[in-house]
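Take a look at the letters that make up each chain.
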Amino acid sequence: GAMLELSMEPERKIGNEQWEFVLGMHLPQAIQILKCQANLVKNIKLFYCDAHPNLADIILDLTQDGIRLHFDCVSQRLRFIDVYALNKVKLKYCGSFFSNNEEVLPTHHQIIKTFGATQPQDLNKEKHCILCQYRGISFIFPLAPEYELDEEALGLNSMTYPSGSLPIASQMLIYSGSNYETCVAPELPVSCFFGNIFSDGVEVMRNGQDTTGLRIHVLSEGRDGIRNSEVHLAKKEVCLFFGDSCQDVLSALGSPCGVFYKPDNKMRIHSTSPHKNDMKQADYFYNYFTLGLDVLFDSTCHTVKKFVLHTNYPGHYDFELYNRCNFVIDVESSVETDMPGITMEVGEGKMKISPTSKWEEVCDFQQPLESSIVLSRSDSVNTTNVFKPSMCYNLQNMIFEIVNGSSIATVILYPSDALRYH
């Protein structure tokens, strides 16, 4: 197929008029873009580390176009863009091509002409290459093996291969800051909002061993009230509680991304109510995919019954539907413990549970109730479930769904008086 023609901005993005990958954007949004471009962008691979999901980046590799998108494993937002094969894609900056297959080669002379002069290049002896670094962008020039590096003569312009040709850049990195090795994902850019709301943290409000509600740090598009004024990032804090009405939730969070009615409840047969076979309207969820959470309403009184928080774990059944909900749950220990906190803060009989917490550490701190329940989704509406079953545990009026033995996939929160079949 034809080569992709993309524009880039240092420290910001790569893309074209239809779509763009912007530093700081959420992983599901990038996957959604690729799905919409399936006729153009093919052979995409997703890499993540099952053994150490909180240590290695999640990577989307556009193998056909030589582009890797590196997402921070904790926030799941775009940390840096690695165009690792400059010969597979046509690139321009400020409207002019600086790498266009055969026509314009990304020689050092061309890079300086496009981006301006830069500091002396870093010499990487192990990789036998030269690094040409600007703020928010770097180019890597491989050198022929027979080429002897001379640290004194670090001017690339005077450097030639034995054949007389100039070194050509093979790789370009786009990142935030001045060093790609230490870069972090910037704040979610306003250009990624498209009228949606996002969150930079959700606190689960607790009273002893009971959950009372959620405190959500909401990010949205803000304007100054002046017509045609610049859109900026607006932050606010909203609280939702069990028993809140639909109107309460809508006024706090706006319209949901989707509404889902619970299918016929197979557990109703276990109910002690004599009216268990009465036909009644199903309970329903408000799905806030960009916040990474669902709100379950009771069908009769239309009040909040449960909250569901999603970590968007790669390899989970719901992966890529929800942005990661970066929640914090304070759990009090009912037993004395001297366990050292590894990925959590443990102190004064309290532990903070987050999406990256290891389940075995939680269990060391506080044993869950009764034995676990195996959750296998093979008989769901989507009958092709390629993922392994997950395990569900009850801990202090919260149900944790655990995948891969130790990673949290979802957390279901319910009021303490509600542990009954619905």
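Residues numbered from 1 in each chain as written. Predicted model: local features only at pLDDT ≥ 70, side-chain atom pairs only at ≥ 80, totals over all residues. Heavy atoms only, no water.

Caption draft 1: The arrangement of the side chain of Thr107 in detail. Looking at the secondary structure, you find Thr107 in the loop between strand S9 (96-99) and helix H2 (108-115). Given a relative accessible area of 17%, Thr107 falls into the buried group. Discounting chain neighbours no more than four positions away, the residues touching Thr107 are Phe141, Pro167 and Ile168. (Helix = DSSP H or I, 4+ residues; strand = E, 2+ residues; numbered from the N terminus. Buried < 20%, exposed > 50% of the residue type's maximum accessible area, 1.4 Å probe, protein only. Contact = heavy atoms within 4.5 Å.)

Caption draft 2: Spatial organisation of the sheet that holds strand S3 (residues 20-22). Read from one edge to the other, the open sheet built from five strands follows the order S3-S2-S1-S8-S9, with strand pairing classed as mixed. Looking at the sheet topology across the chains shown, the edges are occupied by S3 and S9. For this sheet, the mean inter-axis angle between neighbouring strands, taken without regard to orientation, is 30 degrees. Alignment of strand S1 (residues 5-9) against strand S8 (residues 90-93), held across three bridges, turns out to be parallel. (Pairing = 2+ DSSP bridges. Axes fitted to C-alpha atoms, helices over the stretch in contact; angles between N-to-C directions.)

Caption draft 3: Summary view of the packing of aromatic side chains. Applying the stated criterion to the full structure yields 17 aromatic pairs. Relative to Phe115, the ring of Tyr93 has its centre 4.7 Å away and its plane inclined at 20 degrees; by these criteria the two rings are stacked. One end of the pair, Tyr93, is in strand S8; the other, Phe115, is in helix H2, with 22 residues separating them in the sequence. The exposure class of Tyr93 is partly exposed, given its relative accessible area of 22%. Chaining the aromatic ring pairs together yields one cluster made of Tyr93, Phe98, Phe115, Tyr134 and Phe139. (Phe/Tyr/Trp six-rings, centres within 6.5 Å; stacked < 30°, edge-to-face > 60°.)

Caption draft 4: Structural view of the confidence of the model for the protein chain. The share of residues in the protein chain with pLDDT of 70 or more is 80%, and the mean pLDDT across the chain is 84. Ignoring residues within four places in sequence, the model shows residues 336-346, a span with pLDDT below 50, making 24 contacts including any to other chains. (pLDDT = per-residue confidence, 0-100.)

Caption draft 5: Quick look at the pattern of salt bridges. Under the defined criterion, the tally for this structure stands at 15 salt bridges. Note that Arg68 and Asp61 form a salt bridge whose closest N and O atoms lie 3.3 Å from each other. A residue is classified by how much of its surface remains accessible, and Asp61, at 5% relative accessible area, is buried. Arg215 is the partner of Glu203 in a salt bridge, and the nearest nitrogen-oxygen pair spans 3.1 Å. Placement of Glu203 in strand S14 (residues 198-207) and of Arg215 in strand S15 (residues 210-222) is noted, with a sequence separation of twelve residues between them. By sharing partners, the salt bridges in this structure join Glu9, Arg12, Lys13 and Glu20 into a single network. (Salt bridge = Lys/Arg side-chain N within 4 Å of Asp/Glu carboxyl O.)

Caption draft 6: Highlighting the sheet that holds strand S25 (residues 390-394). Here we have eight strands laid out as an open sheet, ordered S17-S18-S19-S20-S27-S26-S25-S24, and antiparallel in their pairing. The open sheet has two edge strands with one neighbour each: strand S17 (258-261) and strand S24 (373-375). On average, adjacent strands in this sheet sit at an angle of 25 degrees to one another, irrespective of strand direction. Sheet analysis places strand S19 (residues 293-297) next to strand S20 (residues 304-310), joined by five bridges and oriented antiparallel. For Val295, the partnering residue across the bridge sits in S20 and is Phe307. Of the strands in this sheet, strand S18 (284-288), S19 and S20 touch helix H3 (residues 246-253), which is tilted by about 5 degrees from S18.

Caption draft 7: View of the nonpolar core. Of all hydrophobic cores here, the largest spans 46 residues; its most connected members are Ile14, Phe21, Phe139 and Met172. Considering each element in turn, this core owes the most residues, five residues, to helix H1 (residues 27-36). When residues no more than four places from it in sequence are discounted, the contact partners of Phe21 are Arg12, Lys13, Ile14, Ala30, Ile33, Leu34, Leu62, Leu69, Leu78 and Ile81. Residues Tyr284, Cys325, Phe327 and Ile329 belong to the second largest nonpolar core, which totals 40 residues. (Core = buried A, V, L, I, M, F, W, Y, C linked by side-chain atoms within 4.5 Å.)

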